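# Per-entry structural report
Each chain, written out:
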Amino acid sequence: MKSYIDQKDGIVKSVCSLDCPDQCGLLIHKENGRISKIEGDPDHPVTRGSICNKVRHMGERLYDPKRLVYPMKRTGKKGEGQFERISWEEAVHLIHSRWKSLIEEEGPESILPYSFYGNMGLLNAEGMDRRFFHQLGASRLDRAICNAAGSAGYNYTMGGSFGTDPEDTIHSKLIILWGINAVSTNMHQMTLALKARKNGAKIVVIDVHNNQTGRMADWFIPILPGTDSALALGMMHILFEKKFTVPEFLESWTTGHEELRKHVRQYDPDTVSAITGVPREDLYQLARMYGEISPSFIRIGNGLQHHDNGGMAVRTIACLPALTGQWLHKGGGALKGNSGFLQHDEAALTRPDLLQNKQTRTINMNEIGRSLLEQDPPIRSLFVYGSNPAIVAPEGNKVRKGLLRDDLFTVVHDLFLTETAAYADLVLPASSSFENMDFYTSYWHHYMQLQVPVVEKYGESKSNVEVFRLLAKAFDMDPEIFGAEEEELIRQAVDDSPNPYIKEITFERLLREHYVRAAVKPLFPGKLPTPSGKIELYSEQMAEAGLPPLPVYTPLVEDDSYPFLFVPGPNHSFMNSTFSSSEKHLRLEKSPKLYLNEADAERLSISNGDSVRVWNDRGECELAAAPGPNVLPGVLVTQGLWADTPSGAKFHVNALTPDRLADMGGGAVFFSGRVNAERVGKAAEK
Ligand SMILES: Nc1nc2c(c(=O)[nH]1)N[C@H]1C(S)=C(S)[C@@H](COP(=O)(O)OP(=O)(O)OC[C@H]3O[C@@H](n4cnc5c(=O)[nH]c(N)nc54)[C@H](O)[C@@H]3O)O[C@H]1N2
Ligand SMILES: Nc1nc2c(c(=O)[nH]1)N[C@H]1C(S)=C(S)[C@@H](COP(=O)(O)OP(=O)(O)OC[C@H]3O[C@@H](n4cnc5c(=O)[nH]c(N)nc54)[C@H](O)[C@@H]3O)O[C@H]1N2
Ligand code: SF4
Ligand SMILES: [Mo]
């Protein structure tokens, strides 16, 4: 196996491990055995040498003096963050003995893994851990916090995570960035869109916030939160009425276009304008542009699906390209995610057979607070890795109350003493992705990438794979399955995968070529993995699942009568809560702002910079007001999942977000909560 660990100096090809669609190729500079610089790899076919500021400054995070170096056990009260050093041997012994008695007394389902994609490497994020917990028979986690609703909606329409090739989008003549803050969250899609614009394309942004991306658009269309499916249905109404549709495409490659044509008559421009806040003339103009310009490409973001009706919003938008036959044009179509193309052999890697058909319970991670407090029989132990639920999970106050339970044995494996780790009984230090071997599959572009270890593991840190290997050993699990080395695991997952798109990809090729492209062909002419093989404008599958078989608009749940919808999304300089305690990234981001419409600000006597308390029955936070025209009346927007600060600043936005589940996929509804707001302090005099 190729390793650069012994090499003291040099430049090594690498890959960004963060939960970001771009999955950039990196060059890691090494000096005296340490990473001295991180830059983009100009040889990467899509990301071509440019990377974001977050990762350019990643080095500071890797060598941050706050990084965890050894295992620790709690000495103070839960939540206080008081710990003392222990050995790995003791840590593994403590986990093993506690879990062994829990399994004997209450069964393995009393143990719950809780993880997400702090590191997108597949062995570490969803490899050895899955094997271990399957064999243990622990409760299962439904990892639905990110894109579950939208993926389910897109899949009903298109059969899987298959969309336009982003590299083709330079050929598009109309690019609609719909509910995605691409400048911050998918920067290379923005680069490609700007290239297309040089060739004459128009960029339209549809968002509830005229943010970094909206400001770069040729046309920014503000929309009321949770009303996107109504807008798409209004577009369909006009497309059918004005005969912008392409009957041959509808006939050959879709189901239910006749039903849809009749069905969308009810979504007339006046009705849709009243729902969405998009003026009637703008709706007509948008539909006309969409009907006339080809190729057109819709990049469907994650923001618009973090709503009660998020699955249907994505399902509805995903129908649009079929109406105008865009899938037949290079650069035309839509993209929610592309992970279907690079799908590895998941069963070979995660071994669901080890569950032995046991009907273990599944807990939705969006309900973690409620589950910790109310689940019966109770969760007695939580193993957290690659995620920071005390900051990122909805109903944050419930989450923290749950983590405070004295009878809950919590283990947190992370690079830092996160807010969640502060509640742990045991804290284990994690190695960074640059210290591990793993493979990566982008959910946006079509390249699979390999990470080989670049530097020694920091302190006594261990990768997720190593930790679960150790635990498996303590539990006497089969060494054939649990002793497998990283290289072997990658071969199992990739080399003989049944996915035809990656038939030619092997461990050897990854090692040699660094960036290996899936054998992607245009989707049409072709057969989709939907039941009909076509784009399902009418979906029998949805009817069977008790959902409306045709796209519809359903209003958000009115959970209370507070006057504002609260949209707390991610920010430019953090990656979810990652970097929210890094000094450099904090300096770049300064402090969280509350964007509100100037009319609302005036009514509430709120001026720029004033401290505003935002609250509902779930909790509160305090943010600095930024009134202006960038959001519609009745909407409050803030960006960033901020860390708990030593000063106790109230930045925990998820204290206010609901833990309801979306219409599909058990998805999260971070942006569908209602709140009130009041000024509590004046802006400091400048
Ligand atoms: N810099 C940075 N990059 C990131 C992340 C990060 O934290 N920071 N996080 C990563 C992760 S895990 C993900 S999932 C992606 C998320 O990245 P995106 O897909 O961009 O999703 P969000 O940023 O959550 O929301 C996108 C936009 O949706 C808007 N929005 C909210 N509600 C609605 C609505 O009802 N309708 C419409 N049309 N728009 C709405 C928000 O104002 C926001 O501008 O980014 C990834 N990349
Ligand atoms: N209000 C609001 N809340 C949101 C969102 C929002 O838009 N608004 N977005 C949601 C979305 S889309 C997502 S995806 C989630 C993301 O939420 P999380 O998945 O919790 O993401 P992070 O906050 O980045 O936390 C990742 C943690 O993993 C750790 N880590 C990194 N690499 C490794 C490793 O190799 N091993 C181990 N053991 N740990 C590692 C990092 O140090 C970090 O503490 O947040 C959700 N929460
Ligand atoms: S976070 Fe995204 S844009 Fe930044 S380096 Fe990683 S993959 Fe590239
Ligand atoms: Mo996400």
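The model shown is predicted, which means the values in this text are computed figures rather than measured ones.

## Some thoughts on the UniProt feature "domain: 4Fe-4S Mo/W bis-MGD-type" (unreviewed entry) in the chain
In the numbering used here, UniProt assigns the "domain: 4Fe-4S Mo/W bis-MGD-type" (unreviewed entry) feature to residues 9-66. The straight-line gap between the two end C-alpha atoms of residues 9-66 is 25 Å; of that span, 16% is helix and 34% is strand.

## Concerning the domain arrangement of the chain
What the domain assignment lists for the chain is domain 1 (72-146 + 343-434 + 457-478), domain 2 (164-336 + 527-544) and domain 3 (564-681). Spacing between the C-alpha centres of domain 1 and domain 2 amounts to 39 Å.

## With respect to a negative patch on the surface
On the surface, D478, E480, E485 and E488 cluster together into a negatively charged patch. Tracing the sequence through the fold places E480 in helix α20 (residues 479-482). Among the residues examined, E480 registers a relative accessible area of 66% and is labelled exposed.

## Section: the pattern of salt bridges
Between side chains of opposite charge, a pair can form when the charged atoms approach closely. Applying the stated rule across the entire model yields 43 salt bridges. The shortest N-O distance in the salt bridge between E367 and R370 comes to 3.6 Å. Exposure remark for R370: the relative accessible area of 28% places this residue in the partly exposed category. Through salt bridges with shared partners, a single ionic network connects E367, R370, E395, K398 and D659.

## Considering the site of ligand 2
The local shell around ligand 2 holds 34 residues, among which D414, N464, P568, S577 and T578 are the closest. Between ligand 2 and S387, the relevant distance is 2.8 Å, taken from an oxygen atom to a side-chain nitrogen or oxygen of the residue. Within the backbone of M575, an N or O atom sits 3.1 Å from an oxygen atom of ligand 2. Protein coverage of the free-state accessible area of ligand 2, which is 920 Å², stands at 95%. Put simply, the parts of the chain that give the shell around ligand 2 at least two residues each are β16 (409-414) and β22 (564-569). Its residues placed into classes, the shell around ligand 2 shows 15 nonpolar, 16 polar and three charged.

## Here we look at the environment of G533
For G533, the position within the fold is in the loop between β20 (515-517) and β21 (535-536). Sequence separation between G533 and T75 is 458 residues, and the spatial gap between their C-alpha atoms is 59 Å. Once residues within four sequence positions are removed from consideration, G533 is found in contact with G526, K527 and L528.

## Some words on the site of ligand 3
Looking at ligand 3, the residues that line it are C16, C20, D22, Q23, C24, I51, C52, K54, V55, M187 and M575. When its residues are assigned to classes, the shell around ligand 3 shows eight nonpolar, one polar and two charged.

## Concerning the sheet that holds β16
The pairing of strands in a sheet comes from backbone hydrogen bonds and takes either a parallel or an antiparallel form. As summarised here, the arrangement of the six strands in space is β5-β4-β17-β16-β15-β6, forming an open sheet in which the pairing is mixed. Among the strands making up the open sheet, the edge pair consists of β5 (83-85) and β6 (111-115). On average, each strand axis in the sheet is tilted by 20° relative to the strand beside it, whichever way the strands run. Pairing geometry for strand β4 (residues 72-74) and strand β17 (residues 426-429), over two bridges, is antiparallel.

## Considerations on the sheet that holds strand β13 (residues 333-335)
Taken together, the five strands give an open sheet; going across it, the order is β10-β9-β8-β12-β13, and neighbouring strands pair in parallel fashion. The sheet is open, and its two edges are formed by β10 (219-222) and β13, each paired on a single side. Averaged over all pairs of adjacent strands, the angle between strand axes in this sheet comes to 15°, irrespective of strand direction. The pairing of strand β12 (residues 296-300) with β13 spans three bridges and is classified as parallel.

## Regarding unusual backbone geometry
Along the chain, S294 connects to P295 via a cis peptide bond; the corresponding omega equals -5°. Relative to the elements of secondary structure, P295 occurs in the loop between α13 (280-292) and β12. With an omega of -5°, the peptide bond running from D376 to P377 counts as cis. Looking at where P377 falls in the secondary structure, it is placed in the loop between α16 (368-374) and β15 (381-385). The backbone of R48 sits at a positive phi, close to 45°, despite the residue not being glycine. The exposed category is assigned to R48, whose relative accessible area is 56%. One non-glycine residue, K243, lies in positive phi territory at about 60°. Of the residues examined, K243 reaches a relative accessible area of 70% and is grouped as exposed.

## Notes on the packing of helix α5 (residues 128-136) against helix α19 (residues 464-474)
At their nearest, the axes of α5 and α19 sit 8 Å apart, and the two run at 25° to each other. What the angle tells us is that α5 and α19 run roughly parallel. Where α5 crosses over α19, the handedness of that crossing is left-handed. Between α5 and α19, the residues in contact are M128, D129, F132 and F133 and V465, F468, R469, L471 and A472, respectively.

## Concerning the nonpolar core
W99, F132, W178 and F383 are the most contacted members of the largest nonpolar core, which has 195 residues in total. The residues contacting W178, other than those within four sequence positions of it, are I206, D228, L231, A232, M235, I298, R299, I300, G301, L304, I317 and L320. Judged by nonpolar contacts, the second largest core, of 20 residues, contains V183, V205, F297 and L335.

## Focus: the side chain of S577
If you trace the backbone, S577 turns up in the loop between β22 and α24 (583-589). Owing to a relative accessible area of 11%, S577 belongs among the buried residues under this scheme. Reaching out from S577, the side chain makes a polar contact with the side chain of N388 at a distance of 3.1 Å. Apart from residues lying up to four places away in sequence, S577 is in contact with N388, I391, V392 and L641.

Conventions adopted
Residues numbered from 1 in each chain as written. Chains lettered and ligands numbered in written order. Predicted model: local features only at pLDDT ≥ 70, side-chain atom pairs only at ≥ 80, totals over all residues. Heavy atoms only, no water. UniProt positions renumbered as here; feature names shortened; annotations may be inferred. Helix = DSSP H or I, 4+ residues; strand = E, 2+ residues; numbered from the N terminus. Domains from an automatic or database assignment. Patch = residues over 30% accessible without salt bridge, like charges linked within 9 Å, V, L, I, M, F, W, Y side chains within 5 Å. Areas by Shrake-Rupley, 256 points an atom, 1.4 Å probe, with all protein chains shown as cover. Salt bridge = Lys/Arg side-chain N within 4 Å of Asp/Glu carboxyl O. Lys, Arg positive; Asp, Glu negative; His and termini not counted. Charge placed at Lys NZ, Arg CZ, Asp CG, Glu CD. Buried < 20%, exposed > 50% of the residue type's maximum accessible area, 1.4 Å probe, protein only. Near = heavy atom within 4 Å. Polar contact = N/O pair within 3.5 Å; in protein donor to acceptor, adjacent residues only side chain to side chain. Nonpolar A, V, L, I, M, F, W, Y, C, P; charged D, E, K, R; others polar. Contact = heavy atoms within 4.5 Å. Pairing = 2+ DSSP bridges. Axes fitted to C-alpha atoms, helices over the stretch in contact; angles between N-to-C directions. Parallel < 35°, antiparallel > 145°, perpendicular 65-115°, else oblique. Left-handed = near helix turned anticlockwise from the far one by under 90°. Core = buried A, V, L, I, M, F, W, Y, C linked by side-chain atoms within 4.5 Å.

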